[in-house]
Amino acid sequence: MTSVPPSAGSPSVPPVFAELTGQDAVVAQLSRAGAAAAALLDGQRPDPGAMTHAWLFTGPPGSGRSIAARAFATALLCPYGGCGECPSCRQVHVGTHADLLLVRPEGLSYGVRQTRDLVLRAAGAPAGGRWQVVLFEDADRCTEQAANALLKAIEEPVPRTVWLLCAPSAEDLVPTIRSRCRVVPLVVPSSAAVAKVLMTRDGIDPAAALAAARATQGHVGRARRLASDASAAARRADVLRVPLAAVSLGPALSADASLVRTAEDEAKAVTQELDEPERESLRRAFGEGSTGKGVAKAMRGMAGALKDLEDRQKSRATRVKRDTLDQALVDLAVFYRDVLMLQLGAGVELANGDRDPDLRQVADGSTPESTLRRLQAIMHCRERLTLNVAPLLAVEDMTLSLVEG
Ligand SMILES: [Zn+2]
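Everything numeric here is computed off the predicted structure, so don't read it as measured data.

Right, let's get into the coordination of the zinc ion. Those donors, Cys78 (SG), Cys83 (SG), Cys86 (SG) and Cys89 (SG), are the protein atoms that reach the zinc ion, and they lie 2.3 to 2.4 Å from it. Angles of 104 to 115° at the metal separate the four donor atoms of the zinc ion, which places the site in the tetrahedral class. Site description for the zinc ion: donor spacing in sequence, C-x4-C-x2-C-x2-C. Overall, the relative accessible area of 4% leaves Cys89 in the buried class.

Structure representation (structure tokens):
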């Protein structure tokens, strides 16, 4: 029973892939795989080579690699190939589907015990009779031992288990795992593609949509926040004040303290926006408010699930804080990249075209060599943050270099 034709021709695109902005090649690849997977279950001959048991979704932050992986999981588990509306699709959406194991790092990396436990669970048969899908977000955060446990599972595939790993790039995984996965490379969508989504889906006016799309370099979620949330725009303005303040030490240090604080505020805003709807849909999934037999038992189950959810949300908050500061540093680097483009007279699209006077002021007051040194200082700071150097310390050291020029 499936609405997706099992023929190898051109399968229709399941509604659940509609969210993948500017990813036409990926949508085509996953639609073919989904149709082949359905054909396998129906005992028909699948499109040869379209489906496999281990997938690696790669792409820079914001390209939507975990959204794509989740959409694929939805398509595999849905009896209609990814309708987006049936009970199965809704369960995947809220994370309660029995055949979807969602794995996120508990702390900042995956441990071996967590991975072994997962491998054991993944070996079971799917409860719904279709596939057992394991979605591993941030698979690059595996410890070495955890990667070994994972490798074993992928090397000896169980017939109905599908592994979906997500990482910034294929090189972030050990070659032994990488070589056993089919890579799904997400691209950074063009500014025009992102702007189009903001206009058609969110009703944002064209000029604001395009400015936000350019400023966020193709990150749909950030672009939408930037265009529709005044405080997000104010936080970005704070970040971009740093280059202008980096002429003397006093103002520069106060600007960078606000950079760290800004990242913390934004992380808070983002996680709050996610946390409550997740708790809400969990309560709904457990039927809170209903009466009758079995309700007390369901409520006890809910307490455990709620505790799990809160733990995950807490560890996400830590990650978001770190990622948000990193994002602020990327915004800063992109500003200096624009400066460099002006200094070199390169006629490319500027991400910060809406701040032309600021860019010119910094470009006129420095040399390309010093802009390059500043870019290096920002990249060095990003590296130190991944090594868990205290954020304020790393950012202060960077500021000293920015002021020196
Ligand atoms: Zn469905």
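Right, picking up where we left off after that structure.
Here we take up unusual backbone geometry. Despite not being glycine, Asp138 shows a phi value in the positive range, around 50°. When its relative accessible area of 11% is taken as the criterion, Asp138 is described as buried. A positive phi angle is found at Asn388, which is not glycine, with a value near 65°. As for its position among the elements, Asn388 is in the loop between helix H15 (368-386) and helix H16 (391-404).

This part is about the packing of aromatic side chains. Under the criterion given, the structure shown has three aromatic pairs. Between Phe335 and Tyr336, the aromatic rings sit 6.0 Å apart at their centres with planes inclined by 85°, giving edge-to-face as the arrangement. In this structure Phe335 comes out as buried when scored by relative accessible area, which is 0%. Using a relative accessible area of 1% as the deciding quantity, one classes Tyr336 as buried. A connected cluster of aromatic rings, assembled from ring pairs, spans Trp55, Phe57 and Phe72. Looking at Arg160, its charged tip hangs above the ring of Trp131, at a distance of 5.9 Å from the centre. Lying over the aromatic face of Trp55, Arg182 brings its terminal NZ or CZ to 5.3 Å of the ring centre.

Now for the pattern of salt bridges. Overall, the coordinates contain 16 salt bridges when judged by the stated rule. Glu156 is the salt-bridge partner of Lys152, the closest N and O atoms lying 3.5 Å from each other. Across the pair Arg214 and Glu349 runs a salt bridge whose closest N-O atoms are separated by 3.1 Å. One end of the pair, Arg214, is in helix H8 (residues 206-215); the other, Glu349, is in the loop between helix H13 (295-344) and helix H14 (356-364), with 135 residues separating them in the sequence. Looking at Arg214, the relative accessible area reads 30%, which means it is partly exposed. Through salt bridges with shared partners, one network takes in Arg201, Asp202 and Arg224.

The rules we used
Residues numbered from 1 in each chain as written. Predicted model: local features only at pLDDT ≥ 70, side-chain atom pairs only at ≥ 80, totals over all residues. Heavy atoms only, no water. Donors = N, O, S within 2.8 Å, 3.2 Å for Na, K, Ca; no water. Tetrahedral: all angles 85-135°; square planar, octahedral: opposite > 155°, others 65-115°. Buried < 20%, exposed > 50% of the residue type's maximum accessible area, 1.4 Å probe, protein only. Helix = DSSP H or I, 4+ residues; strand = E, 2+ residues; numbered from the N terminus. Phe/Tyr/Trp six-rings, centres within 6.5 Å; stacked < 30°, edge-to-face > 60°. Lys NZ or Arg CZ within 6 Å of the ring centre and 35° of its normal. Salt bridge = Lys/Arg side-chain N within 4 Å of Asp/Glu carboxyl O.

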